[in-house]
Amino acid sequence: MTASAPVSVPVPVLPPGVDPAWLPPAVFRPLGTRRVQVSGSGPLVETVYGEVVHACDRFGGTAVRGTAAAPGVPYDVVLAVGEDGGPDPLGSEGFALERSGGVTRVTGGGPAGLLYGLFHLVRLGEAAFRGGRPREAHRPALALRMLDHWDNVAVHPVMGQVERGYAGGSLFWRDGLARSAPGELARVRWYGRLLAACGVNAVAVNNVNVHRTEARLLTDRVGEVAALADALRPYGIRTHLAVSFAAPVTLGGLPTADPAHGAVADWWAETTARVYAAVPDFGGYVVKADSEGQPGPFAYGRSHADGANLLAGALAPYGGTVHWRAFVYDHRQDWRDRSTDRARAACDHFAPLDGEFAPNAVLQVKHGPLDFQTREPVSPVIGAMPRTRLAVEIQATQEYTGQQRHVCWLGPMWSEVLRFRPGGEEGPGVGDLARGGGLVAVSNAGDDPFWTGHPLAQANLYAVGRLGWRPDADPRAVLREWIEMAFVPGAGADPERLRDGLHAVLDGSWRTYEKYTAPLGAGFMVQPGHHYGPSVDGYEYSRWGTYHFADRDGVGVDRSRATGTGFAGQYAKPWAEVYESAATCPDELLLFFHHVPYAHVLRSGDTVIQHIYDTHFDGVAEAEEARRVWAGLAGLVDPARHARAAERYEEQVRCAREWRDHINTYFFRKSGVPDARGRRIH
Ligand code: GCV
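Residues numbered from 1 in each chain as written. Predicted model: local features only at pLDDT ≥ 70, side-chain atom pairs only at ≥ 80, totals over all residues. Heavy atoms only, no water.

Draft legend 1. Structural detail: the overall build of the protein chain. Regarding its fold elements, the protein chain presents 21 helices and 20 strands. By its C-alpha atoms, the protein chain is 80 × 65 × 50 Å across when sized along the principal axes. Here the protein chain, with 682 residues, has 62% of them falling under the buried criterion. Within the protein chain, residue pairs in contact and separated by at least 24 positions form 72% of the contacts whose partners lie at least 6 positions apart. For the protein chain, the exposed surface amounts to about 24,000 Å²; the carbon and sulfur share of it is 53%. Looking at charge distribution, the protein chain has the averaged site of its 68 positive side-chain charges lying 3 Å from that of its 76 negative ones. (Helix = DSSP H or I, 4+ residues; strand = E, 2+ residues; numbered from the N terminus. Buried < 20%, exposed > 50% of the residue type's maximum accessible area, 1.4 Å probe, protein only. Contact = heavy atoms within 4.5 Å. Areas by Shrake-Rupley, 256 points an atom, 1.4 Å probe, with all protein chains shown as cover. Lys, Arg positive; Asp, Glu negative; His and termini not counted. Charge placed at Lys NZ, Arg CZ, Asp CG, Glu CD.)

Dropping the structure here:
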């Protein structure tokens, strides 16, 4: 290869033994065998150039930097920054792609757009360099595509290093310190590279439950945040920090954290100035306030808009944003009290505040009203706050969906959420309503060699960026892209069998998981604390507001307006009406919205009890079949990846049987209704 300028930003070295996920070297072959010109200025352009040089070094192509270089060289690929004169502006993260006269051209609206354009070429592979291709413009639908890491700096006695983490330790922190040794930062940079390749542009590096050590990242330990930000920046990732609302007291020594006190606002302003001195492109704060024991504005009789606006004010001079979480509910509920409904809480607290949040305050709303259960309706908050910037929060870490020991491809769930139209068919979708705030996912990555514990859980991480880029994307197409990049390059002679096998085990895996776990929208039938495996009554008599109310006659929570908690009334029409009646409520959400007798006939024609038995037998059969299909892919998949997933399939099948037998036995004993098909229930 030849290069006319030094490489400013070399590609990071993947530490030995770490899986390359969706960026194995072979995906760069089509680009790396060609003559490629890179022009434009700015650090991200140097990253693009570094990638091109790396690819050409490996595969024999030619990388040239700058427009003036080597006039007359017939380039195959031209990568440039600047508006290309197309009908609409590309914007800083958009890019245009076209191919004519044997040249493939990518024009980034800005340097970040060029970076995304480069990875688009990589995704397209050879197809980007064949025939003609009319101009296509690509722009992210959501400006913010973010991963929240629930990573503790120091190991927490109960939650460990990563709260709800199933992929080893933190990528960012170890033994109470940032992982700032060169090899460790290379891994952080690699993480940034993977994220850029799927479209993510922001990362919050610490847990929203801000413990004492983590709190100090805001003040005397901000240098450690800066080191991580330096490692992520070359891939266009801005760093955000979770902070404690009580920081003015706990760190600043003030007597109060009351938003109405001038000294509190001054403290936040001074502290934030120091953060920006250390991290000039700092993204902003993430705040969990008045939630599960975290401090918040309620202590001072202030609203959550008061609280959010306090931090927004400190961030505004620097273009930062506060992500204020709407996960506020009473976690000391009395299970005997059937009128209090945790599902209502976010809407009750936040909808009245619509229009009161500062322009740089984003309300971050979990996609469902409870807490990332396998099946929930879309949170009514998302349709109820048209004058507020909203971010939708999803959970890539599989807290309630098999903890990365079970295969559970969440693309279809997230896609259903993002396509849901809170105001009915004519109104905007959730993906449109999140334009002002973005898509935020709790990360499922850690220092595990496969990044995500289960190698197939990488697909969920990949989908976060791609669905943030295009919330209306077909999840099957997203999965296909991931398969093509992460698996097909190593598949040898039979890629078709590999593709079919991977789709067979992944496409329907969320529904399979749903079948053998909690039925029809009932949630929280998990073991308390760690949330893995079945315990039907594990949360039934607890303080967390997570009940199913099963008795000898029926099961489910009456959330209707007419006779229940009124939650269904938090939706606009048509959903308020659809959910209000058991006759119109979709089967898969029936027990979320209604308490029904076991003999209730579903829209599918089955009784509730028979549906429970059937789906639990079917779900286990599907998990067993997936294990069989996976075993048949040995030889087409990298042996280490294959072995890791094969081992996890053993656990998945074991646990699925456990779920089936707990759930079926529980409901058989409660209801006394035998299985119509006479199968063995314990
Ligand atoms: C980070 C659930 C999880 C908690 C998590 C919380 C949240 O309750 O179990 O571990 O805390 O959600 O989203 O803040």
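Draft legend 2. Spotlight on the packing of helix α15 (residues 475-486) against helix α16 (residues 495-506). Where α15 meets α16, the closest approach of the two axes is 11 Å, and the angle between their N-to-C directions is 135°. Our classification of the angle between α15 and α16 gives oblique. Considering only the axes of α15 and α16, their crossing is right-handed. Across the interface between the two elements, Arg476, Leu479, Arg480, Trp482, Ile483 and Glu484 from α15 touch Arg499, Leu502, His503 and Leu506 from α16. In terms of residue class, the contact of α15 with α16 is built from five nonpolar, one polar and four charged. (Axes fitted to C-alpha atoms, helices over the stretch in contact; angles between N-to-C directions. Parallel < 35°, antiparallel > 145°, perpendicular 65-115°, else oblique. Left-handed = near helix turned anticlockwise from the far one by under 90°. Nonpolar A, V, L, I, M, F, W, Y, C, P; charged D, E, K, R; others polar.)

Draft legend 3. Highlighting the sheet that holds strand β5 (residues 103-108). Read across the sheet, six strands follow the order β2-β1-β3-β5-β4-β6 without closing on themselves; strand pairing throughout is mixed. Looking at strand neighbours, the two that pair on one side only are β2 (62-65) and β6 (133-138), the edges of this open sheet. Mean inter-strand twist for the sheet, computed between neighbouring axes without regard to direction, equals 10°. In terms of strand pairing, strand β4 (residues 95-100) meets β6 through four bridges, oriented antiparallel. Bridge pairing in β6 links Ala96 to Ala137. (Pairing = 2+ DSSP bridges.)

Draft legend 4. Here's a closer look at the packing of aromatic side chains. As enumerated under the stated definition, the model contains 31 aromatic pairs in all. Centre to centre, the rings of Tyr579 and Phe593 are 4.3 Å apart; their planes meet at 10°, and the pair counts as stacked. Remark: Phe593 occurs in helix α19 (residues 590-593) and Tyr579 occurs in helix α18 (residues 575-580); sequence separation between them is 14 residues. Considered together, Tyr579 and Phe593 belong to a single accessibility category, that of buried residues. Plain terms: the ring middles of Tyr598 and Phe667 are 6.1 Å apart, the flat faces sit at 65° to each other, and that makes the pair edge-to-face. In this pair, Tyr598 sits in the loop between β20 (596-597) and α20 (608-631) while Phe667 sits in helix α21 (residues 639-671), placing the two residues 69 residues apart along the sequence. There is no split in this pair, since Tyr598 and Phe667 are both buried. One aromatic cluster is present, built from ring pairs that chain together Phe420, Phe567, Tyr571, Trp575, Tyr579, Phe592 and Phe593. When the ring centre of Trp190 is taken as origin, the NZ or CZ atom of Arg193, which lies over that ring, is 4.9 Å away. In this structure, Arg405 is placed above the aromatic ring of Tyr532, and the distance from its NZ or CZ to the ring centre is 3.8 Å. (Phe/Tyr/Trp six-rings, centres within 6.5 Å; stacked < 30°, edge-to-face > 60°. Lys NZ or Arg CZ within 6 Å of the ring centre and 35° of its normal.)

Draft legend 5. Representation of the site of the ligand in the model. The full set close to the ligand counts 14 residues, and Glu163, Lys288, Arg325, Lys366 and Glu399 are the nearest of them. Between an oxygen atom of the ligand and a side-chain N or O atom of Arg164, the distance comes to 2.9 Å. Within the side chain of Asp371, one N or O atom sits 3.0 Å away from an oxygen atom of the ligand. For the ligand, whose unbound accessible area comes to 340 Å², protein coverage reaches 96%. At a threshold of 2 Å from the grid points, most atoms of the ligand map onto the largest pocket. Looking at the shell around the ligand, its residues break down into three nonpolar, three polar and eight charged. (Near = heavy atom within 4 Å. Polar contact = N/O pair within 3.5 Å; in protein donor to acceptor, adjacent residues only side chain to side chain. 1 Å grid on protein atoms, 1.4 Å probe; cavity = no way out; pocket = protein on both sides within 12 Å on 5 of 7 lines; lining within 4 Å. Sits in = over half its atoms within 2 Å of the grid points.)

Draft legend 6. Structural context of the layout of surface pockets. Volume-wise, the largest pocket comes out at about 450 Å³. Tallied by class, residues from the lining of the largest pocket come to ten nonpolar, eight polar and nine charged. When we break the lining of the largest pocket down by domain, the ones giving at least three residues each are domain 2 (145-331 + 338-454) and domain 3 (514-557 + 595-671). (Points joined across faces, edges and corners; volume = space filled by probe spheres on them. Domains from an automatic or database assignment.)

Draft legend 7. Representation of the sheet that holds strand β18 (residues 438-442). Taken in spatial order, the eight strands line up as β7-β12-β13-β14-β15-β16-β17-β18 and close into a barrel, and their pairing is parallel. The average angle at which neighbouring strand axes cross in this sheet is 25°, direction not considered. Of the strand pairs in this sheet, strand β7 (residues 145-148) and β18 are connected by four bridges, and their pairing is parallel. Bridged to Met146 within β18 is Val440.

Draft legend 8. The arrangement of the side chain of Ser291 in detail. One can find Ser291 in the loop between β14 (284-287) and α9 (304-315). Overall, Ser291 belongs to the buried group, its relative accessible area being 1%. Of the polar contacts made by the side chain of Ser291, one reaches the backbone oxygen of Phe327; its length is 2.6 Å.

Draft legend 9. Here's a closer look at the nonpolar core. Grouped together as the largest cluster of nonpolar side chains are 215 residues, with contacts concentrated most on Trp22, Leu79, Trp268, Tyr285 and Trp482. Take this core: its biggest share by element is ten residues, from α20. (Core = buried A, V, L, I, M, F, W, Y, C linked by side-chain atoms within 4.5 Å.)

Draft legend 10. Seen up close, unusual backbone geometry. Of note, the bond from Lys573 into Pro574 is cis; its omega dihedral lies within 30 degrees of zero at 5°. Not every positive phi belongs to a glycine, and Phe372 is a case in point at roughly 55°. With respect to the helices and strands, Phe372 occurs in the loop between β16 (361-366) and α11 (381-384). The residue Phe549 is not glycine, and still its phi comes out positive at about 60°. Relative to the elements of secondary structure, Phe549 occurs in the loop between α17 (509-516) and β19 (554-555).

Draft legend 11. Here's a closer look at the state of the cysteines. Evaluation of the coordinates by the stated rule reveals zero disulfides. No disulfide involves Cys347; its sulfur sits 17 Å from the nearest other cysteine sulfur, which is in Cys585. Judged by its relative accessible area of 1%, Cys585 falls in the buried class. (Disulfide = S-S within 2.5 Å.)

Draft legend 12. Structural detail: the environment of Leu185. Positionally, Leu185 belongs in helix α4 (residues 182-198). Along the chain, Leu185 and Pro519 lie 334 residues apart, while their C-alpha atoms are 44 Å from each other. Setting aside residues no more than four positions away along its own chain, Leu185 makes contact with Arg179, Ser180, Ala227, Leu228 and Ala231.

Draft legend 13. Representation of helix α14 (residues 458-469). Between its first and last C-alpha, α14 extends 17 Å over twelve residues, near the 16 Å set by a 1.5 Å rise per residue. Most of α14 sits inside the fold, with twelve of its twelve residues counted as buried. For α14, the set of buried residues is Gln458, Ala459, Asn460, Leu461, Tyr462, Ala463, Val464, Gly465, Arg466, Leu467, Gly468 and Trp469. (Expected span 1.5 Å × (residues − 1).)

Draft legend 14. Spatial organisation of the pairing of strand β3 (residues 77-81). Burial runs high along β3: four of the five residues are buried. Relative to β3, strand β1 (residues 35-38) runs parallel, the two sharing three bridges. Its bridge partner lying in β3, Val36 is registered against Val77. Strand direction decides the pairing type here: β3 and β5, joined by five bridges, are parallel. Bridging across to β5, Val77 finds its partner in Thr104.

It is worth stressing that arrangement in space is one thing and function is another; only the former is reported here.
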